[in-house]
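Here is what each chain is made of, one letter per residue.
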Amino acid sequence: MRDQAEKTDTRIVHAGRDSDAYGGGVNPPVHHLSTVIYPSVEKLVTRYDNITPDSRVMTYGTKGSPTSFALEDAVAELEGGFRSISFHSGLAAVAGALMAFLKAGDHLLMTDSVYFPTREFCDSILKRFGVEITYYPPCIGSDIENMIRKNTRVIYTESPGSHTFEVQDIPAISKVAHLHQIKLLMDNTWASPVFFKPFAHGVDVSIQAATKYINGHSDVMLGLVTTTREDWEQLRNCTWQLGQCSGPDDLYLTQRGLRTLGVRMKQHQNNGLQVAEWLKSRPEVRKVLHPALPDDPGHALWKRDFHGAGGLFGIELEPFAPSMVQAMLNRLKLFGMGFSWGGYESLIVPSDVQKDRLSGSWHFEGPLLRLSVGLEDPEDLIQDLEQGLCELAPQAGSPS
Ligand SMILES: Cc1ncc(COP(=O)(O)O)c(C=O)c1O
């Protein structure tokens, strides 16, 4: 058991590692595994006897290995939960968590600012399996109580919201959820376990798309779900029943990436803020959607609950014509255009959220862009954006 007073940076380095078990090596082995051999028939038939929530059993390739346990234990410790289990992508982790805690006839309250493929999963598969879904405005806070039905079993949060970056009042929502015996799920990918501690704020089940910051190198797809002790068996059993598991090389690379998460997050934060503040001063930019900026509507909640901000934020441009925005994006040299985020390299994509959301839940007149600010020198990134914005500059003040 580790010293509870240890700081996050220390935990990032040591959590989940057991050099004695690795023959003295610093890192866990990459354990390629399907079959586990038992020394006797007695051991084979009793393999699940005496299993408790604390047990780590190695019975078959889908049920974990020293490589998966090392990563899962590290993430559970950093998130502040009891145990984690890995999935082959962030979206698989989202789907696995929702399936573990919902059944036909249940009602799910889902934030309207959710990552779009999560919404698609709800509207297609969950609906098909008889789950009712209501989308709620992300900034609803404790008023979510008015939307609870007799059959509401899960409230799902993602803070800040995908592409629009609304900060949710997780403690207020948690209080209401627990008053009604409802499970509170959260997608905590934006902050990573470094900048938000979900279990300290009343979350029951936390999801990480480790594809993003935890791995951080844009070369792995992986997700993790962490729970309280109370919720662990339900999640673990459902995950096992689904046959969910991840490949050892991806698990290994993710725990390798995790060891530098602390320094990377600080650098993402610094670079992101420097770029965001510069963008705020530009006439082509109408709004910067970044909760760490003091005039952001979510700033007070972010300051109260988060320890920092990564490099992912949005901007609303003045209402320039789409062809001009395309020309601007095509000029960029350092910002790559592509989905995903949280890697060491900077990315930018246009956001088209208006069609997916409840009408009236938010309002933007100009085109939205999402930036994932990487680990390059922020002065070079600013220069890249500046030469891109030249496509818009002559029209600044007289858009479209
Ligand atoms: C907030 C959030 N959650 C989950 C996911 C899904 O992760 P993955 O791409 O690993 O499936 C993403 C992916 O972009 C995301 O942005």
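All of these numbers come straight from a predicted model, not from anything done at the bench.

Asker: It is not clear to me how the pairing of strand β6 (residues 205-209) should be interpreted in this structure. Could you clarify?
Answerer: Along β6, five of the five residues are buried, which leaves the element largely enclosed by surrounding structure. The alternating pattern of β6 places V205, I207 and A209 and S206 and Q208 on opposite faces, both of which are buried. Looking at chain direction, strand β5 (residues 183-187) and β6 are connected through three bridges and run parallel. Paired with L185 across the two strands is V205, which belongs to β6. Pairing of β6 with strand β7 (residues 223-227) involves five bridges; the strand directions are antiparallel. Bridge assignment links I207 to a residue of β7, and that residue is V225.

Asker: Is there a simple way to think about unusual backbone geometry in this case?
Answerer: The phi angle of most residues is negative, glycine excepted, and most peptide bonds adopt the trans form. With an omega of -5°, the peptide bond between S159 and P160 qualifies as cis. The residue P160 is located in the loop between β4 (152-158) and α6 (170-179) in this model. Residue F165 is not a glycine yet carries a positive backbone phi of 60°. Relative to the assigned elements, F165 resides in the loop between β4 and α6. Using a count of 24 C-beta atoms within 10 Å as the deciding quantity, one classes F165 as buried. Positive phi values are uncommon outside glycine, yet S192 reaches one of about 65°. In this structure, S192 sits in helix α7 (residues 192-195).

Asker: Would you mind going over the packing of helix α3 (residues 66-79) against helix α9 (residues 248-258) with me for this structure?
Answerer: Packed helices, taken two at a time, are described by the angle between their axes plus the distance between the axes. Packing of α3 against α9 brings their axes to within 9 Å, and their N-to-C directions diverge by 35°. In this structure, α3 crosses over α9, and the sense of that crossing is left-handed. Facing T67, S68, A70, L71 and A74 of α3, the residues of α9 in contact are P248, L251, Y252, T254, Q255 and L258. Split into classes, the residues belonging to the contact of α3 with α9 amount to seven nonpolar, four polar and no charged.

Reading the values: rules and limits
Residues numbered from 1 in each chain as written. Predicted model: local features only at pLDDT ≥ 70, side-chain atom pairs only at ≥ 80, totals over all residues. Buried ≥ 20, exposed ≤ 12 C-beta atoms within 10 Å, placed from the backbone. Helix = DSSP H or I, 4+ residues; strand = E, 2+ residues; numbered from the N terminus. Pairing = 2+ DSSP bridges. Axes fitted to C-alpha atoms, helices over the stretch in contact; angles between N-to-C directions. Left-handed = near helix turned anticlockwise from the far one by under 90°. Contact = placed C-beta atoms within 7 Å. Nonpolar A, V, L, I, M, F, W, Y, C, P; charged D, E, K, R; others polar.

The values reported here are purely geometric and, on their own, carry no functional implication.
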